[in-house]
Each structure stands twice: as C-alpha cells, then as structure tokens.
Amino acid sequence: MNRHPNGLNHDCPRNSAAFTRPVFLISSLTILLLFVFACSKLQAQAGPPFQTDDPTPVDLGHYEFYVFSTFDGTPAEADPTGPAFEFNWGAIPNIQLHAILPLGAVVPSNSPVYAPASGQGPSAFGLTDMELGFKYGFIKQTPHRPQIGSFTMFEMPIGNFKKGLGVGRVWYKLPLWAEKEFGSWSLVGGIGYAVVPQTGYRDYLYGGYLVKKVVNERLELSAEVFSHAKEGIATAQTKASTLIDAGGYYHFKSPGLQLLFAYGHSVAGQTENYAYLGLYKTWSKDKDADKKTAADAMLSARSPRIGSQ
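Residues numbered from 1 in each chain as written. Predicted model: local features only at pLDDT ≥ 70, side-chain atom pairs only at ≥ 80, totals over all residues. Heavy atoms only, no water.

Draft legend 1. The arrangement of the overall build of the chain in detail. Along its length, the chain carries one helix and 13 strands. Looking at the chain as a whole, 56% of its 309 residues are labelled buried. Considering only contacts in the chain between residues 6 or more positions apart, those separated by 24 or more positions represent 67%. Summed over its atoms, the accessible surface of the chain is roughly 12,400 Å², and 67% of this surface lies on carbon and sulfur atoms. (Helix = DSSP H or I, 4+ residues; strand = E, 2+ residues; numbered from the N terminus. Buried < 20%, exposed > 50% of the residue type's maximum accessible area, 1.4 Å probe, protein only. Contact = heavy atoms within 4.5 Å. Areas by Shrake-Rupley, 256 points an atom, 1.4 Å probe, with all protein chains shown as cover.)

In structure tokens:
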C-alpha cells in the first residue's frame, strides 16, 4: 500500500498532536499485539486492493500488471487516482522490482473550516508522482516462523507541484512486513515509516493488519485495520486516522486475470474514506504463473497520494 502526501501547501502552524498522537499509538500497538500473537500460528499475503503490504516478492521470471483507480479523501480534500498502471517483475531470486505510473486529481473542499491549513485552492487533474521500488523477502516462512521482508519505495517528483499533483521532491517509505498462513486463512501485518523532506509535510508512521479467507476457487475476501499518523499541514491527512477496509479478489475463468475491489472508512481519528477497483493479470513462461493470486503482488498499498503547493 502506498501513502502519498497530498493537499495544498501553506506556511501556517501545524495542528496540535494532543489528539492525533494517542489515537495512532493506541491503534498501532493493538495491531502489533494482535499480529505477534497470530504469527505463531498463521501466514498471509496482502497488497492491492488493500493498504497493508506483504513481504512476498513476485516469483523469479514472473510478471504482474494492474490497471486501477482509487479514492482517498477526508472532509478537507478528495484525492481520486486513475487510471493508474502498476508493473511488478521478479527480477532476481527473492527480489521484486516495482513501478506505478498514475494519473490523478486533487479536489480541495475550499471550506473555511480547514483554512488556511489544508483543503484550499483549485482542483486539478493530470500525471502525478511516479513510484519506483523493490521488495526483498529476506526471511522465508517455515512451520515455526513467518516470512519477513521489506518493500522500499521511492516517490519520484514528476507531477506538477504547483497544481497540487506532486510533492515536488523525492520521498520514500521504509516498511517491514511479515506473513503467515494456514489452510484457507491468511494473516499479514507490519509497520513502516515515511520520510517526506518537503515544506508543509512531515515524516510519519503507518501500519496495518489484514485477515484473508479463500471462500472458493473464484472468490477471496479480506478485511484489514490500517492506521497512519498525521502527515502535515500540506495534506488532507492533517490528523491521525485508523480505518477498517473490506474487499477481495474475483478470479475470472481466463488464467491469471482477476478483479480487485475494496472499500473502507475511518473508525478513529480524522474522518477518511478509501476505495480501490482494478484489474490484475499475471504471466510468465512458467505455466504455474497463472496460479499466483493478486494478493501476492505489492502496491504500495496505498493509492498514490497527491501533494502540492
């Protein structure tokens, strides 16, 4: 999952952490405690259409392609993305290369309630910042331990910063994820840190925990808890938020082709909505490639966020 700061940049004081810090810390500790308990028994896979990522790279010589749209917004600002295109490649053993090229929009509410900190300015649509990354699975799953890996991602400033379609500088995310599964049930979770060296933005923690169930050969359903700290006065996410998202994967008869869908809403902290809809295709010279599920792939979990001045 993928978090991109968004909103309009203003030189005004940051919001107080008195409310946002406890919300994020409590939700993050809950996620981590649940995951530590569960990892002794289970394993999972995540990624699109959810915000929680997983540590499993694409298999060597395999390819994955997504075309998708997302929505992420607060009362201050809406940030739809789409169409967006993602490509993943199992380049070498245990390492996946990753790229996303998104089109998107920034739609401020222009409500005086949020002035001048965020949600002010004209709407815009166009090419947004590009994401490049690599996933490294450095600990493999065994009957007694989960798989553990990292998924470092760099956001490249190709979007128009003045229109609000880019952050204007390279920024990056440093997450650690773990997964474990048993039978038709799966679990995945972890925590990450985003470094955003731009005026009006701030570095922030994020984390998630996801449960997945294979219902039948066509359908998989999942639910997640995802939290993030406040992301700065130049973003719509000026406060911390914890969301619950639900959705899944529908496998078409065509090998390797799936429909991905999810929707979620905040349950603590700042009001926030999240949605994802996309098509996924996997292929390779290996005939077993079509058996790989969409959950094995990785997006930044999160829809690319849009930043501006």
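Draft legend 2. The arrangement of the nonpolar core in detail. Counting 14 residues, the largest nonpolar core has Phe-50, Tyr-66, Phe-68, Leu-260, Ala-262, Tyr-274 and Tyr-276 as its most contacted members. At the level of elements, strand S1 (63–74), strand S11 (241–251), strand S12 (257–269) and strand S13 (273–283) are the ones that each hand at least two residues to this core. Broken down by element, the residue count for this core peaks at three residues, all from S13. Phe-151, Tyr-204, Tyr-206 and Ala-234 belong to the second-largest nonpolar core, a separate cluster that totals 13 residues. (Core = buried A, V, L, I, M, F, W, Y, C linked by side-chain atoms within 4.5 Å.)

Draft legend 3. Region of interest: the pairing of strand S3 (residues 95–108). Taken together, the eleven bridges between strand S2 (residues 77–92) and S3 define a ladder with antiparallel strand orientation. The residue of S3 that forms the bridge with Ile-92 is Ile-95. As consecutive antiparallel partners, S2 and S3 are separated by two residues, and within that stretch Asn-94 has a phi angle of approximately 70°, a positive value. Here S3 pairs with strand S4 (residues 124–127) via four bridges, running antiparallel. (Pairing = 2+ DSSP bridges.)

Draft legend 4. How the structure looks around unusual backbone geometry. For the bond from Pro-48 to Pro-49, the omega torsion is 10°, close enough to zero to count as cis. Between Gly-82 and Pro-83 the backbone carries a cis peptide bond, its omega angle lying at -5°. One can find Pro-83 in strand S2. With a phi angle near 70°, Asn-94 is a residue other than glycine that sits in the positive phi range. Mapped onto the secondary structure, Asn-94 falls in the loop between S2 and S3. We classify Asn-94 as partly exposed; its relative accessible area is 32%. Residue Asn-110 is not a glycine yet carries a positive backbone phi of 55°. Position of Asn-110 among the secondary structure elements: in the loop between S3 and S4. A relative accessible area of 41% places Asn-110 in the partly exposed class.

It is worth stressing that arrangement in space is one thing and function is another; only the former is reported here.
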